[in-house]
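This is what each chain is made of:
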Amino acid sequence: TSSTFNLPIKTDLVMDNAMVFSNGDSEMGLVIGDEDNYNFNRKLIIRVYKKTLSDWEDKNNIGVLIWNLYESTNVHIIRSERFTVGVKFNAKTKGFVYNTINIGVVVNSRYGVVLSNIYHGWCNENNFFINRIQQNSTTHVTKSRFGIVITSDDGLYNNTNNVFYKPSIELSSKSGYECRAIWLE
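Quick caveat, the model's predicted, so the values are computed rather than measured. (Residues numbered from 1 in each chain as written. Predicted model: local features only at pLDDT ≥ 70, side-chain atom pairs only at ≥ 80, totals over all residues. Heavy atoms only, no water.)

Ranked by internal contacts, the top residues of the largest apolar core, which has 31 residues, are Leu-30, Ile-46, Ile-66, Phe-89 and Val-113. Setting aside its immediate chain neighbours within four residues, Phe-89 contacts Ile-66, Ile-77, Phe-96, Ile-101, Ile-103, Val-113, Val-114, Leu-115, Ser-116, Cys-123 and Phe-128. Ranked by size, the runner-up nonpolar core spans 11 residues in total, among them Val-85, Val-114, Ile-118 and Phe-146. (Core = buried A, V, L, I, M, F, W, Y, C linked by side-chain atoms within 4.5 Å. Buried < 20%, exposed > 50% of the residue type's maximum accessible area, 1.4 Å probe, protein only. Contact = heavy atoms within 4.5 Å.)

Even without being glycine, Asn-68 reaches a positive phi, approximately 45°. Not every positive phi belongs to a glycine, and Tyr-119 is a case in point at roughly 50°. The class for Tyr-119 is partly exposed, based on a relative accessible area of 47%.

Examined bridge by bridge, strand S6 (residues 43–50) and strand S9 (residues 74–81) share seven bridges and lie parallel to one another. Residue Arg-47 lies in a different strand from S9, and its bridge partner there is Arg-79. For S9 and strand S12 (residues 100–107), the ladder comprises six bridges, and the chain directions are parallel. Within the sheet, the bridge partner assigned to Val-75 lies in S12 and is Ile-101. (Pairing = 2+ DSSP bridges. Helix = DSSP H or I, 4+ residues; strand = E, 2+ residues; numbered from the N terminus.)

Okay, a nonpolar patch on the surface next. Taken together, the side chains of Phe-129, Val-163 and Tyr-165 make up a nonpolar region of the molecular surface, amounting to roughly 240 Å² of accessible area. Mapped onto the secondary structure, Val-163 falls in strand S17 (residues 163–165). Residue Val-163 is classed as partly exposed on the basis of its relative accessible area of 34%. (Patch = residues over 30% accessible without salt bridge, like charges linked within 9 Å, V, L, I, M, F, W, Y side chains within 5 Å. Areas by Shrake-Rupley, 256 points an atom, 1.4 Å probe, with all protein chains shown as cover. Salt bridge = Lys/Arg side-chain N within 4 Å of Asp/Glu carboxyl O.)

What follows covers the layout of surface pockets. One number sums up the size of the largest pocket: a volume of about 330 Å³. Taken together, 17 residues form the lining of the largest pocket, with Lys-59, Ile-62, Lys-88, Val-114 and Asp-153 sitting closest to its centre. Among the elements of the structure, strand S7 (62–67), strand S10 (85–92) and strand S13 (111–118) are those that each provide at least two residues to the lining of the largest pocket. (1 Å grid on protein atoms, 1.4 Å probe; cavity = no way out; pocket = protein on both sides within 12 Å on 5 of 7 lines; lining within 4 Å. Points joined across faces, edges and corners; volume = space filled by probe spheres on them.)

Turning our eyes to something else, we now look at the side chain of Asn-23. Looking at the element boundaries, Asn-23 is found in the loop between strand S3 (19–21) and strand S4 (30–32). Judged by relative accessible area, which is 4%, Asn-23 ranks as buried. Within the structure, Asn-23 has its side chain in polar contact with the backbone oxygen of Met-28 (distance 2.8 Å). With residues near it in sequence (within four places) discarded, Asn-23 still touches Thr-1, Ser-2, Ser-3, Thr-4, Met-28, Gly-29 and Lys-50. (Polar contact = N/O pair within 3.5 Å; in protein donor to acceptor, adjacent residues only side chain to side chain.)

Moving on, we come to the packing of aromatic side chains. Scanning the entire structure with this criterion turns up 11 aromatic pairs. Summarising the aromatic geometry, the rings of Phe-89 and Phe-96 are spaced 5.3 Å apart at their centres and angled 55° between planes, so their arrangement reads as tilted. Residue Phe-96 is classed as buried on the basis of its relative accessible area, which comes to 0%. Their ring planes at 10° and their centres at 5.2 Å tell us that Tyr-111 and Phe-146 sit as a pair that is stacked. Placement of Tyr-111 in strand S13 and of Phe-146 in strand S16 (residues 145–150) is noted, with a sequence separation of 35 residues between them. For Tyr-111, a relative accessible area of 10% puts it in the buried group. Ring pairing ties together the aromatic residues Tyr-38, Phe-40, Tyr-70 and Tyr-98, which thus form one cluster. (Phe/Tyr/Trp six-rings, centres within 6.5 Å; stacked < 30°, edge-to-face > 60°.)

Structure (structure tokens):
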């Protein structure tokens, strides 16, 4: 697809094949839910690819963005590849909480997995089972890269009590460039 795909709240999504995005480096791939409503107990099985590798300059180039997910235990992100941000979990004025998230592989994204919030939202009490966050040895070797990032877009709340089970974080860069497996802001 050549534009962002928005999946509304109260909608499950099971992908047998990947969504391939040919949109620009400043656009998002798949957006699930919205920033104003909770999205309860969803079933999500997701595969997304960007047709060409992002230039890694725009943090709005997100493979999968999930808003305000609540009490969901059947979430599987099989693969996200070639976006500036592989997967972002975000809360705005509400919570992204009590979820079990399975992530297969995030490949060639500057920021692999990002947990964030804005306007007093909170991203807490989630369990993440991550197989692999990986960079190819020739991908943007002169740019910084980050595996898991826990942050707040506006600095109003510190996200806590998220547990990550055995992620394999394989980042490659040339000497002198920032390369962090886990970054807490």
